[in-house]
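Overview (structure and organization)
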Amino acid sequence: MASVEISKVAKTFGETAVLRSVSLSIEKGEFLTLVGPSGCGKTTLLRIIAGLETQDSGAVKIAGIPVDHLPPKRRDVAMVFQNYALYPYMTVAENMALPLVMRRFSALQRLPLLGRLLPGTTPIRAGIDAEVGQVARSLAIDHLLSRRPAQLSGGQRQRVALGRAMVRNPQIFLMDEPLSNLDAKLRVQTRTEIAELHRRLGATFVYVTHDQVEAMTMSSRVAVMLEGDLHQVAPPQEIYDAPADLAVAGFIGTPKINLLPAQVRGDGAFAVLDRVWPLPQVEALAGGYTLGVRPEAWTPLRAGGRVALCAMGGIVRHIELLGSETLVHFAVEGLQQPLVARVDPMVGATLRLADAVTFGVSPERVHVFDAQGRRVPRRDALEFREAAVG
Amino acid sequence: MSVLASAGRSPARRLAFSAFRHAVLLAASVLTLGPFVLMVSISLKSPGEIFAPEFSLWPQTWYAWENYSLAFTKQPLLRFILNGFFITLCIFTAQALFALPCAYALAKLRWRGRNTVFVFVLLGLLVPPQVPAIPLYILLWQVGLLDTYAAIILPSTISVFGIFLMRQFFMTVPDSLIHAARLDGVGEFGIVWRIMLPTAMPALVAFGVLSFIWNWNEFFWPLLVVQSEHLATPPLGVVFFANAEAGTNYGPLMAAATAVTAPLVIAFLLAQRWFIEGVTMTAVK
């Protein structure tokens, strides 16, 4: 268990800046997920932590000690790769034993044949075998120890890769999209297993993925990385409920957040297309804003029903049935893209294509972003909630 | 290829195409195999039958024992063959020792001038071995190594082709395998021998077969640097034999040639599967 301190790390490959001054501190025993689209620099950052890549500037500390000059093997980190990176001609047991063999045997003892004859080799070998066996049992792969990677399924290879990382008890586990080569069903199952593994080992996990579901379900904190910059580092629910900027809001959440252009009027209310939305939770200066509404925040309003503070009317263009929920795409005059509302299937069943619909959203569920795309902070979350209840 | 070419045609045309293809292949095989078959056939015949007007592949009188025993006793043919094994083994070992680390550095390490060095390797492929022959000869003479095993072995110890072939193969090995090894505590040379070498076994075997065939058959260089009979390589030995017999005793001569060719054929047959895997270049599935 160790903390990782990344300060102002930058990296360029040729002309492209892959990382621009990234700072991040990862606490002991934390499960931190770096999430972002491919090419955003998350894997490069992981490799810099591992020592496989050297940063152009900035510093990395592990457990408070600068490690920039240390080679990968002396950083006490283990990594699980997307393609597992198992040594193809070694058995599962040999794959898992290699990190221990390299650390516990001298160069002479590692020699084939001759090494066995040297004094002291046998007890060390027995110790290694016992530890490999123990880890293999904990991952339920002990029956595969004599096989080669080519004879294993994707899920089994993934476990062997985990086992090889676990066997030397590293302070930090680095995982580079370990689930992306698994099929959907196995991915869900392994997700749970990795989260359990983290709880059991108590080690620090740094997990890289482009899959926001993995990021949301497994992590204690999520770091959203876009084009070489860290946009937000926060617990998953906070990332979803209070995205720091438009880019994060747009990246996290499926279907994507609905975005509406708005202007602040003299009385502080927001003019959204042809409607007026009072949003008392923010104190906004005059100017252009973008409002974000998550698809599930919309509730359908019936003619003659209760009047919502913030409403938007449109024409139903498309209805997607997902079983547990229904996605209603409705076109609004003045917007190029239709808006998406996630509704109960019972409600969805009453709607037809080309119906005129009105959806409402409660003001506190509207995200407000300024002209630079930054989130406009709430006046005071607590005070606002009391006012809403009162 | 053939599937593509014959797709969408009528069965009759496909059959005709297939027959044509086989005819071409058959003709090529006969042309290639003919001399070998003839060589083996003559090595089994008596002198009278070799020059007999009527030709048959199968000998009427079995003369193999006489021809082969003559081939092995007239000249120290066994010695030549052992020399051949010793020399090719030394050369291949040295070539592998140089080629693997070089190829690893060229394929997987990032350093200044890497591409320039690789261009030099490619240029090296273009230089025929006869070009540096005279400078090398003078060099060996100056260090007093002429007429030794070293004179045959040393100039071949670095194979540009080997470096090139292994480099191309290493390019297909995923970086993550090397990253994993570095994290597991394997040093750079350890990566070459423990990780890359076993992964590249098919390519190395392919290169081994090629290197073995080249150096076993090499005639020009050993002829230049070796005078002593006890150092002769198999092709030199066959020539010695032909000279000693004035080139007329074809039975034993062909027996000697067969004995000298046999190791090549056996080596190729043994390594055939790996050889094909090696030249088709797939490292890690």
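Residues numbered from 1 in each chain as written. Chains lettered and ligands numbered in written order. Predicted model: local features only at pLDDT ≥ 70, side-chain atom pairs only at ≥ 80, totals over all residues. Heavy atoms only, no water.

A closer look at the domain arrangement of chain B
Residues and elements named next belong to chain B. Note the cut-off: For each domain, the first and last residues come from an automatic or database assignment. Two residues form a contact once any of their heavy atoms are found within 4.5 Å. What gets called buried area is simply the loss in accessible area from a 1.4 Å probe that two parts show on being joined, summed for both. We define a salt bridge as a side-chain nitrogen of Lys or Arg found within 4 Å of a carboxyl oxygen belonging to Asp or Glu. Throughout this description, a polar contact denotes any pair of N or O atoms lying within 3.5 Å of each other; where both atoms belong to protein, one of them has to be capable of donating a hydrogen while the other can accept it, and for residues adjacent in sequence the pair is counted only when both atoms sit in side chains. Helix and strand assignments come from DSSP, with helices taken as H or I runs of at least 4 residues and strands as E runs of at least 2, each series counted from the N terminus. As a working rule, the residues Ala, Val, Leu, Ile, Met, Phe, Trp, Tyr, Cys and Pro are called nonpolar, Asp, Glu, Lys and Arg charged, and the rest polar, with Gly in that last group.
We note that the domain assignment places domain 1 (2–63) and domain 2 (66–284) within chain B. A separation of 31 Å is found between the C-alpha centroids of domain 1 and domain 2. Each side of the interface is counted separately: domain 1 has eleven residues, and domain 2 has eleven residues. For the pair domain 1 and domain 2, the two sides together bury roughly 850 Å², of which 69% comes from carbon and sulfur. It is M39, S43 and Y63 in domain 1 that bury the most area against domain 2; as a group they hold 57% of the surface buried on that side. At the boundary of domain 1 and domain 2, one finds zero salt bridges. For the pair domain 1 and domain 2, the interface holds five residue pairs in polar contact (both at pLDDT 80 or more). In terms of residues, the side of domain 1 that touches domain 2 owes the most to one element, helix 2 (residues 11–43), which gives five residues. Class assignment for the residues of the side of domain 1 that touches domain 2 results in nine nonpolar, one polar and one charged.

What about a nonpolar patch on the surface?
Put simply, the rule is: Each patch is built from salt-bridge-free residues with over 30% relative accessible area, joining like charges within 9 Å and nonpolar side chains (Val, Leu, Ile, Met, Phe, Trp, Tyr) within 5 Å. Only the protein chains shown count as cover for residues, and the accessible areas themselves come from Shrake-Rupley with a 1.4 Å probe.
On the surface, L33, F36, V37, L38, F55 and L57 of chain B cluster together into a nonpolar patch covering about 570 Å² of accessible area. Topologically, L38 of chain B is positioned in helix 2.

Looking at the packing of helix 2 (residues 92–104) of chain A against helix 4 (residues 121–138) of chain A
Residue and element names in this part refer to chain A. This is how the line gets drawn: Helix axes are fitted only over the stretch in contact, all axes being lines through C-alpha atoms; the angle between N-to-C directions runs from 0 to 180 degrees. Small angles under 35 degrees read as roughly parallel and large ones over 145 as roughly antiparallel, with 65 to 115 read as roughly perpendicular and the rest as oblique. For any pair of crossing helices, the crossing counts as left-handed if the nearer helix is rotated counterclockwise from the farther one by less than a right angle, and right-handed if it is rotated clockwise.
Closest axis-to-axis distance for the helix 2/helix 4 pair is 10 Å, and the angle between their directions is 135°. The angle between the axes of helix 2 and helix 4 places the two elements in the oblique class. Regarding helix 2 and helix 4, the two cross each other, and that crossing is right-handed. Seen from helix 2, the contacting residues are A93, M96, A97, L100, V101 and R104; seen from helix 4, they are I124, R125, G127, I128, E131, V132, V135 and A136. Classifying every residue of the contact of helix 2 with helix 4 by side-chain character gives ten nonpolar, one polar and three charged.

Quick notes on the pattern of salt bridges
Using the following cut-off: Whether a residue is buried, partly exposed or exposed follows from its accessible area with a 1.4 Å probe, protein chains only, as a fraction of its type maximum: under 20%, in between, or over 50%, in that order.
Taken as a whole and judged by the stated rule, the model has 14 salt bridges over all chains. Ionic pairing is found between D370 of chain A and R374 of chain A, a salt bridge with its closest N-O pair at 3.6 Å. For the salt bridge of K108 of chain B with D175 of chain B, the shortest nitrogen-to-oxygen distance reads 2.8 Å. Taken as a pair, K108 of chain B in helix 5 (residues 77–108) and D175 of chain B in helix 10 (residues 175–183) lie far apart in primary sequence, 67 residues in all. K108 of chain B sits in the buried class, given a relative accessible area of 16%. Given a relative accessible area of 41%, D175 of chain B falls into the partly exposed group.

Side note on the packing of aromatic side chains
The description of an aromatic ring pair uses the distance of the two centres, along with the angle that the planes make with each other. Quick note on the threshold: Note on aromatic contacts: the rings of Phe and Tyr and the six-membered ring of Trp form a pair at centre separations within 6.5 Å, being stacked when their planes are under 30 degrees apart, edge-to-face when over 60 apart, and tilted otherwise.
One pass over the full model with this rule turns up 18 aromatic pairs over all chains. Here the aromatic rings of W277 of chain A and W298 of chain A are separated by 6.3 Å at their centres, their planes lie at 75°, and the arrangement is edge-to-face. You can see W277 of chain A sitting in strand 13 (residues 275–277) and its partner W298 of chain A sitting in the loop between strand 14 (288–293) and strand 15 (299–301), a full 21 residues away along the chain. Classification of W277 of chain A as buried rests on a relative accessible area of 0%. Centre to centre, the rings of F161 of chain B and F207 of chain B are 6.3 Å apart; their planes meet at 45°, and the pair counts as tilted. Separated by 46 residues along the polypeptide, F161 of chain B in helix 9 (residues 160–171) and F207 of chain B in helix 12 (residues 201–217) bring together distant segments of the chain.

Notes on the sheet that holds strand 5 (residues 65–66) of chain A
Residue and element names in this part refer to chain A. Spelled out, the test is: Here the rule is simple: two strands pair whenever DSSP picks up at least two bridges between them.
Across the sheet, four strands lie side by side as 2-1-4-5; this open sheet has antiparallel pairing. Two strands in the sheet have a free side with no partner beyond their single neighbour: strand 2 (16–26) and strand 5. Here five bridges tie strand 1 (residues 4–13) to strand 4 (residues 57–62), and the two strands are oriented antiparallel to one another. In the strand pairing of strand 4, A10 is matched with S57. Against the sheet, helix 1 (residues 42–50) contacts strand 1, strand 2 and strand 4, and its axis sits at roughly 120° relative to strand 1.

Describing unusual backbone geometry
Residues and elements named next belong to chain A. The residue after T254, namely P255, is reached through a cis peptide bond having omega -10°. With respect to the helices and strands, P255 occurs in the loop between helix 9 (246–251) and strand 11 (258–264). Not every positive phi belongs to a glycine, and A354 is a case in point at roughly 75°. By the element assignment, A354 lies in the loop between helix 10 (345–349) and strand 19 (356–361). On the accessibility criterion, A354 (55% relative accessible area) is exposed.

Regarding the interface of chain A and chain B
Each partner contributes to the interface: chain A provides 24 residues, whereas chain B provides 17 residues. For the pair chain A and chain B, the two sides together bury roughly 1800 Å², of which 60% comes from carbon and sulfur. Inspection of the chain A/chain B interface yields two salt bridges. We note a salt bridge from R164 of chain A to D184 of chain B, for which the minimum N-O separation is 3.8 Å.

Observations concerning the nonpolar core
One broad trend across soluble globular proteins is that nonpolar side chains are buried collectively. As a reminder of what qualifies: Each nonpolar core is a collection of buried residues, namely Ala, Val, Leu, Ile, Met, Phe, Trp, Tyr and Cys, held together in the definition by side-chain atoms within 4.5 Å.
Grouped together as the largest cluster of nonpolar side chains are 64 residues, with contacts concentrated most on L34, Y87, L174 and V206 of chain A together with M166, F170 and I195 of chain B. The greatest single-element share of this core, amounting to seven residues, is contributed by helix 5 of chain B. Setting aside chain neighbours within four positions, we find L174 of chain A in contact with L46, I49, A50, V77, A78, M79, V80 and V206 of chain A. Counting residues in hydrophobic clusters, the runner-up holds 36 residues, among them V132, L139, L144 and V160 of chain A.

Some thoughts on empty space enclosed by the protein
Quick note on the threshold: Space inside and on the surface of the protein is sampled on a 1 Å grid over the protein atoms alone, with a cavity defined as a set of points where a 1.4 Å probe fits but cannot get out and a pocket as an open set with protein on both sides within 12 Å along at least 5 of 7 lines; lining residues have an atom within 4 Å of a point. Grid points are joined across faces, edges and corners, and a volume is the space filled by probe spheres set on the points.
With the rule as written, the count across this model stands at two cavities of 30 Å³ or more. Within this model, the largest cavity holds a volume of roughly 60 Å³. Lining the largest cavity, in full, are A78, M79, F81, A161, R164, A165 and R168 of chain A together with A180, L183 and D184 of chain B. It is helix 5 (residues 154–166) of chain A that contributes the most residues to the lining of the largest cavity, three residues altogether. The class makeup of the residues in the lining of the largest cavity is seven nonpolar, no polar and three charged. In this model, the second largest cavity occupies a volume close to 40 Å³. As for the second largest cavity, its lining consists of Q281, V282, V366, H367, V368, R375, V376 and R378 of chain A. Among the residues forming the lining of the second largest cavity, the class breakdown is four nonpolar, two polar and two charged.

A closer look at the pairing of strand 8 (residues 204–209) of chain A
Residues and elements named next belong to chain A. Using the following cut-off: With strands facing away from the observer, any crossover in which the path from the first strand over the helix to the second runs clockwise is taken as right-handed.
By the criterion of burial, strand 8 is predominantly enclosed, with six of the six residues buried. Going residue by residue along strand 8, you find T204, V206 and V208 tucked away on one face and F205, Y207 and T209 tucked away on the opposite face as well. Of the strand pairs in this sheet, strand 3 (residues 31–35) and strand 8 are connected by five bridges, and their pairing is parallel. Bridging across to strand 8, L32 finds its partner in V206. Sheet analysis places strand 7 (residues 172–176) next to strand 8, joined by five bridges and oriented parallel. Bridged to F173 within strand 8 is F205. Each parallel crossover has a hand, and the one from strand 7 via helix 6 (residues 184–201) to strand 8 is right-handed.

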